[in-house]
Amino acid sequence: NGNTPKTNNLAIDEPKTLSIGQTLVRKLLRTITRYSDAHSLDRQNEIREFLAPIERRCQLRNEKAALQQLLPAYAGYTISLMTGNPLPLLIGAAALTQPDPMMDENSNVSG
């Protein structure tokens, strides 16, 4: 039967599955929004207050990851200065070329 219209079934065929964390955060944000509307509170302020501890935790994790990424470079620099051999410095600098391990997490928090 050639009379059936063609439809884009991407949304139907491939439902977007959310992780447990994404589902939980969506429901919590929806609840915060409803609560702030019901009590005549500022939505942005309430959401900011809710997300502040999460953002602080991510900041601490970023600082820790940055330190772990820089540590080989600092160690290589120190060893190179002590021995006069540039090889440890080059090996330490190679650690700086690794991709940022926190990039995915950061995009979820700030995005």
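Cut-off values and rules
- Residues numbered from 1 in each chain as written.
- Predicted model: local features only at pLDDT ≥ 70, side-chain atom pairs only at ≥ 80, totals over all residues.
- Heavy atoms only, no water.
- Helix = DSSP H or I, 4+ residues; strand = E, 2+ residues; numbered from the N terminus.
- Buried < 20%, exposed > 50% of the residue type's maximum accessible area, 1.4 Å probe, protein only.
- Contact = heavy atoms within 4.5 Å.
- Areas by Shrake-Rupley, 256 points an atom, 1.4 Å probe, with all protein chains shown as cover.
- Expected span 1.5 Å × (residues − 1).
- Arc of directions from axis to C-beta.
- Salt bridge = Lys/Arg side-chain N within 4 Å of Asp/Glu carboxyl O.
- Patch = residues over 30% accessible without salt bridge, like charges linked within 9 Å, V, L, I, M, F, W, Y side chains within 5 Å.
- Polar contact = N/O pair within 3.5 Å; in protein donor to acceptor, adjacent residues only side chain to side chain.

Q: Can you help me understand the overall build of the protein in this one?
A: Summing up its helical and strand segments, the protein has 5 helices and 0 strands in all. Sorting the 111 residues of the protein into buried and exposed places 12% on the buried side. Contacts in the protein between residues at least 24 apart in sequence constitute 39% of all its contacts with a sequence separation of at least 6. On the protein, roughly 9,400 Å² of surface is accessible, and the fraction owed to carbon and sulfur atoms is 59%.

Q: Got a minute to help me understand the side chain of T33 in this structure?
A: Within the fold, T33 resides in helix α2 (residues 20-38). Of the residues examined, T33 reaches a relative accessible area of 19% and is grouped as buried. Those residues in contact with T33, other than ones at most four positions away along the chain, are R43 and I47.

Q: I would appreciate a short explanation of α2 in the present structure.
A: Residues separated by three or four positions in an α-helix point in the same direction, a consequence of the helix having 3.6 residues per turn. Taking 1.5 Å of rise per residue, 19 residues should cover 27 Å, and α2 covers 27 Å from first to last C-alpha, within 8% of that figure. Looking at α2, one finds that the buried residues are I32, T33 and S36. With its buried residues spanning 100° around the axis, α2 presents them on a single face. Exposed side chains of α2 directed beyond 90 degrees from the buried face belong to I20, K27, R34 and A38. For α2, the secondary structure elements touched by its buried residues are α3 (43-83). Note on α2: the residue one or two positions beyond its end, S40, has a positive phi of about 55°.

Q: It is not clear to me how the pattern of salt bridges should be interpreted in this structure. Could you clarify?
A: Any two side chains of opposite charge can pair, so long as their charged atoms come close to each other. Here the structure, examined in full by the defined rule, presents 1 salt bridge. D37 is the salt-bridge partner of R43, the closest N and O atoms lying 2.6 Å from each other.

Q: Where do I start with unusual backbone geometry in this structure?
A: For residues that are not glycine, phi is negative in most cases, and the peptide bond is trans in most cases. Although it is not a glycine, S40 sits at a positive phi angle of roughly 55°. A relative accessible area of 69% places S40 in the exposed class.

Q: I would appreciate a short explanation of a nonpolar patch on the surface in the present structure.
A: Side chains of L70, Y74 and L96 sit close together on the surface and give an oily, nonpolar patch of about 290 Å² of accessible area. Within the secondary structure, L96 sits in the loop between α4 (87-95) and α5 (103-110). For L96, a relative accessible area of 41% puts it in the partly exposed group.

Q: Please clarify how the side chain of S80 should be interpreted in this entry.
A: Considering the arrangement of structural elements, one finds S80 in helix α3. Residue classification places S80 among the buried residues on the basis of a relative accessible area of 10%. Polar side-chain contacts of S80 include one of 2.9 Å to the backbone oxygen of N85. With residues up to four places along the chain from it excluded, the contact list for S80 reads N85, P86, P88 and L89.

In short, the description is geometric, and any link to function would need to be established separately.
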